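# A closer look at the structure
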Amino acid sequence: MNKYHDVIRVFLSEGKKVENNFANDLLNECGGEIKVASKYEDIIKHIDLWWKPNDKDKWVSFDVKGLRRDSRNNDSISYENTWLEVKNTSGNPGSLLGEQTYLAFETKQYWIITRREHLLNELRKNIVDKTIYNINPYENFKMYQRKDRKDLIVRVPLSFIEGNSCKKIKKH
């Protein structure tokens, strides 16, 4: 196995841990029932898990986002900012354009939950500069596309996510 595949395997393993932590905290605080999304739902629709609050409610979907670094060149986690994905590395719709109902963002002490459509609409209002930067601008609300990639991502402050949230769940 080459180094790239080893990095991907670790990345996916860490992602599953974050998703499991969120699922456990959601169940502890809100009850209900959880089911894991299919591989197709995960990759194409950006759905990591489904939650049903009780027998009378419908299933709702979540895309879970762990803590992020400000750049790939920095190993330290940012507790102030996160990245929102408009397009993925293949140029396909990113998590902001997925089919999930909610996005759940990990912070130091909480999970911040926001409706995907609401967050997308608010993000559009905050992106004034339509330039797509090929070098990390290290500024919030600037669109960034990594060299030789088809992705499109935007760094935002976690306070922006929190200001557009519908619920916070304490991490345990």
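Located above this text is the structure these notes cover.
Residues numbered from 1 in each chain as written. Predicted model: local features only at pLDDT ≥ 70, side-chain atom pairs only at ≥ 80, totals over all residues. Heavy atoms only, no water.

### Topic: the overall build of the chain
Within the chain one finds 4 helices and 12 strands. In terms of C-alpha radius of gyration, the chain reaches 16 Å, essentially the compact-globule figure of 16 Å for 172 residues. Judged by the C-alpha coordinates and their principal axes, the chain covers about 50 × 45 × 30 Å. Taken over 172 residues, the chain has a buried fraction of 41%. Relative to all contacts within the chain whose residues are 6 or more apart in sequence, the contacts with residues 24 or more apart total 53%. For the chain, the computed accessible surface area is about 10,500 Å², with 49% contributed by carbon and sulfur atoms. (Helix = DSSP H or I, 4+ residues; strand = E, 2+ residues; numbered from the N terminus. Rg over C-alpha atoms; globule rule 2.2 N^0.38 Å. Buried < 20%, exposed > 50% of the residue type's maximum accessible area, 1.4 Å probe, protein only. Contact = heavy atoms within 4.5 Å. Areas by Shrake-Rupley, 256 points an atom, 1.4 Å probe, with all protein chains shown as cover.)

### Thoughts on the nonpolar core
By size, the foremost hydrophobic cluster in this structure holds 18 residues, and its most contacted members are Leu84, Leu96, Leu119, Leu123, Val156 and Ile161. Where this core is concerned, the elements lending two or more residues are strand 6 (81-87), strand 7 (102-106), helix 3 (116-126), strand 11 (152-157) and helix 4 (158-163). Apart from residues lying up to four places away in sequence, Leu96 is in contact with Leu84, Glu85, Val86, Leu103, Arg116, Leu119, Leu120 and Leu123. Counting residues in hydrophobic clusters, the runner-up holds 14 residues, among them Trp51, Phe62, Val64 and Trp111. (Core = buried A, V, L, I, M, F, W, Y, C linked by side-chain atoms within 4.5 Å.)

### Here we look at the pattern of salt bridges
Enumeration according to the criterion identifies 12 salt bridges in this entry. In this structure, the salt-bridge partner of Lys142 is Asp129, at a minimum N-O distance of 3.2 Å. In this pair, Lys142 is assigned in the loop between strand 9 (132-133) and strand 10 (143-144) and Asp129 in the loop between helix 3 and strand 9, connecting sequence segments 13 residues apart. Ionic pairing is found between Lys168 and Glu162, a salt bridge with its closest N-O pair at 2.8 Å. Salt bridges linked by common partners bring Lys16, Glu19 and Asp42 together as one network. (Salt bridge = Lys/Arg side-chain N within 4 Å of Asp/Glu carboxyl O.)

### Observations concerning the state of the cysteines
This model, assessed by the stated rule, comprises 0 disulfides. We note that Cys166 lacks a disulfide partner, and the nearest cysteine sulfur, in Cys30, lies 10 Å from it. By relative accessible area, Cys166 is classed as partly exposed at 48%. (Disulfide = S-S within 2.5 Å.)

### Digging into the sheet that holds strand 3 (residues 60-65)
Picture the strands of a sheet paired through backbone hydrogen bonds; they go either parallel or antiparallel. Reading across the sheet, the 6 strands line up as 1-2-3-7-8-12 and stay open at both edges, with mixed pairing between neighbours. Each end of this open sheet is capped by a strand with a single partner; those strands are strand 1 (33-36) and strand 12 (167-170). Between one strand axis and the next, the sheet turns by 30 degrees as a mean value, whatever way the strands run. Pairing of strand 8 (residues 110-115) with strand 12 involves 4 bridges; the strand directions are antiparallel. Looking at strand 12, one finds that Ile113 is bridged to Lys167. Set on the sheet, helix 3 makes contact with strand 7 and strand 8; between it and strand 8 the angle comes to about 80 degrees. (Pairing = 2+ DSSP bridges. Axes fitted to C-alpha atoms, helices over the stretch in contact; angles between N-to-C directions.)

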